[in-house]
Amino acid sequence: MLSTQPSLGFVIVFLLFSLLFVSNTYKLWFKTDEYYQDIYNSLTREPSFYPFRKFFLKPMDNKKSWVLWQKIFSTFGILAVLGADVLVVMTFIH
């Protein structure tokens, strides 16, 4: 069986991206109004660089529903991210 250990640089970059996801999840769960407003403002700002901006803005019309679904998806996401972090670190250590 061929075993390949990831480099330390890869592990650090991987964990930094995970930290970014955890930071956004924290904002969603504990600073919900500010998080919602930041996203809404970035999508409505002109000139816009988002090609599908109307597609992303439509669900935001119903804030309560949008927040609920974001929290549901973020729960699955945080479990996946933490699981991947554990696997990458375990692979690096062994």
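Residues numbered from 1 in each chain as written. Predicted model: local features only at pLDDT ≥ 70, side-chain atom pairs only at ≥ 80, totals over all residues. Heavy atoms only, no water.

### What to know about the environment of Thr44
Following the sequence through the fold, Thr44 ends up in helix 2 (residues 32-44). Of the residues examined, Thr44 reaches a relative accessible area of 31% and is grouped as partly exposed. (Helix = DSSP H or I, 4+ residues; strand = E, 2+ residues; numbered from the N terminus. Buried < 20%, exposed > 50% of the residue type's maximum accessible area, 1.4 Å probe, protein only.)

### Concerning helix 2
Given a rise of 1.5 Å per residue, 13 residues ought to cover 18 Å, and the 18 Å separating the end C-alpha atoms of helix 2 matches this to within 8%. On its buried face, helix 2 is in contact with helix 1 (8-30), helix 3 (53-57) and helix 4 (63-93). (Expected span 1.5 Å × (residues − 1). Contact = heavy atoms within 4.5 Å.)

### Things to note about the nonpolar core
By size, the foremost hydrophobic cluster in this structure holds eight residues: Leu28, Tyr35, Tyr36, Leu43, Leu57, Met60, Trp66 and Val67. Counting residues per element, the ones that place at least two in this core are helix 2 and helix 4. Here the element with the most residues in this core is helix 2; it accounts for three residues. For Trp66, the residues in contact, after removing those within four places along its chain, are Tyr35, Tyr36, Ile39, Pro59 and Met60. (Core = buried A, V, L, I, M, F, W, Y, C linked by side-chain atoms within 4.5 Å.)

### Side note on the layout of surface pockets
Computed from the structure, the largest pocket encloses a volume of approximately 190 Å³. Every residue along the wall of the largest pocket is listed here: Ile39, Leu43, Phe55, Phe56, Pro59, Met60, Ser65, Trp66, Trp69, Gln70 and Phe73. Ranked by the residues each element gives to the lining of the largest pocket, the list is headed by helix 4, at five residues. Looking at the lining of the largest pocket residue by residue, the class counts come to nine nonpolar, two polar and no charged. (1 Å grid on protein atoms, 1.4 Å probe; cavity = no way out; pocket = protein on both sides within 12 Å on 5 of 7 lines; lining within 4 Å. Points joined across faces, edges and corners; volume = space filled by probe spheres on them. Nonpolar A, V, L, I, M, F, W, Y, C, P; charged D, E, K, R; others polar.)

### Things to note about the pattern of salt bridges
Overall, the coordinates contain two salt bridges when judged by the stated rule. Lys63 is the salt-bridge partner of Asp33, the closest N and O atoms lying 2.8 Å from each other. You can see Asp33 sitting in helix 2 and its partner Lys63 sitting in helix 4, a full 30 residues away along the chain. Taking the relative accessible area as the measure of exposure, Asp33 reaches 52% and is therefore exposed. Given a relative accessible area of 31%, Lys63 falls into the partly exposed group. The salt bridge involving Glu46 is made with Arg53; its shortest N-O contact spans 2.8 Å. (Salt bridge = Lys/Arg side-chain N within 4 Å of Asp/Glu carboxyl O.)

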